[in-house]
Amino acid sequence: MKHLDLLNEFRTQIAQLRSQVEAGSAMGLYDTHKVAEGVICGLLRELCDWHDLRNLNSDQANFPGIDLADD
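Residues numbered from 1 in each chain as written. Predicted model: local features only at pLDDT ≥ 70, side-chain atom pairs only at ≥ 80, totals over all residues. Heavy atoms only, no water.

*Asks:* Can you explain the pattern of salt bridges? Please cite residues and give values.
*Replies:* What the rule picks out here adds up to two salt bridges. Across the pair arginine 18 and glutamate 22 runs a salt bridge, and its minimum N-O distance is 3.0 Å. Linking arginine 18 with glutamate 22, this pair stays in helix α1 (residues 2-26), spanning four residues, or about one helical turn. For arginine 18, a relative accessible area of 57% translates into the label exposed. For glutamate 22, a relative accessible area of 45% translates into the label partly exposed. (Salt bridge = Lys/Arg side-chain N within 4 Å of Asp/Glu carboxyl O. Helix = DSSP H or I, 4+ residues; strand = E, 2+ residues; numbered from the N terminus. Buried < 20%, exposed > 50% of the residue type's maximum accessible area, 1.4 Å probe, protein only.)

*Asks:* Before we move on, can you summarise the side chain of asparagine 57 with the specific residues and values?
*Replies:* Inspection of the secondary structure puts asparagine 57 in helix α3 (residues 56-59). A distance of 2.8 Å separates polar atoms of two side chains, one belonging to asparagine 57 and the other to aspartate 67. The residues touching asparagine 57, leaving out its near neighbours within four places in the chain, are Glu37, Asn62, Phe63, Ile66 and Asp67. (Polar contact = N/O pair within 3.5 Å; in protein donor to acceptor, adjacent residues only side chain to side chain. Contact = heavy atoms within 4.5 Å.)

*Asks:* Which residues make up the UniProt feature "domain: SMEK" (unreviewed entry) in the protein, and what values go with them?
*Replies:* On the UniProt side, "domain: SMEK" (unreviewed entry) is annotated at positions that read residues 10-71 here. What you have in residues 10-71 is 63% helix and 6% strand, and the ends, taken at the C-alpha atoms, are 29 Å apart. (UniProt positions renumbered as here; feature names shortened; annotations may be inferred.)

*Asks:* Which residues make up α1, and what values go with them?
*Replies:* In a regular helix each residue adds 1.5 Å, so 25 residues correspond to 36 Å; α1 covers 36 Å between its end C-alpha atoms and thus fits that length. Among the residues trailing α1, glycine 28 stands out with phi positive, at a value near 75°. (Expected span 1.5 Å × (residues − 1).)

*Asks:* An account of the environment of glycine 38 is requested, with residue identities and associated values reported.
*Replies:* Considering the arrangement of structural elements, one finds glycine 38 in helix α2 (residues 31-48). What makes glycine 38 partly exposed here is its relative accessible area of 37%.

*Asks:* Requested: an account of the packing of α1 against α2, with residues and values cited.
*Replies:* Contact geometry for α1 and α2: axes closest at 9 Å, N-to-C directions at 150°. Pair α1 / α2 crosses with left-handed handedness. Residue-level contacts link Phe10, Ile14, Leu17, Gln20, Val21, Gly24 and Ser25 of α1 to Thr32, His33, Ala36, Val39 and Leu43 of α2. (Axes fitted to C-alpha atoms, helices over the stretch in contact; angles between N-to-C directions. Left-handed = near helix turned anticlockwise from the far one by under 90°.)

What follows is the structure in structure tokens.
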């Protein structure tokens, strides 16, 4: 049962993040987007076993054309 509770909590939190990103976009505010990039990068690293995946925007402010990379 604990596993199902964790999955439901994860789904709730991801849905809330999505809503906040969409609301920020509608208002022309992009601070939540920057936080979301880090969250999604970490999730992909763990879930997909992409240990070298990194957020290029943390290396250079607003990296042109791409946000996440794995050399």
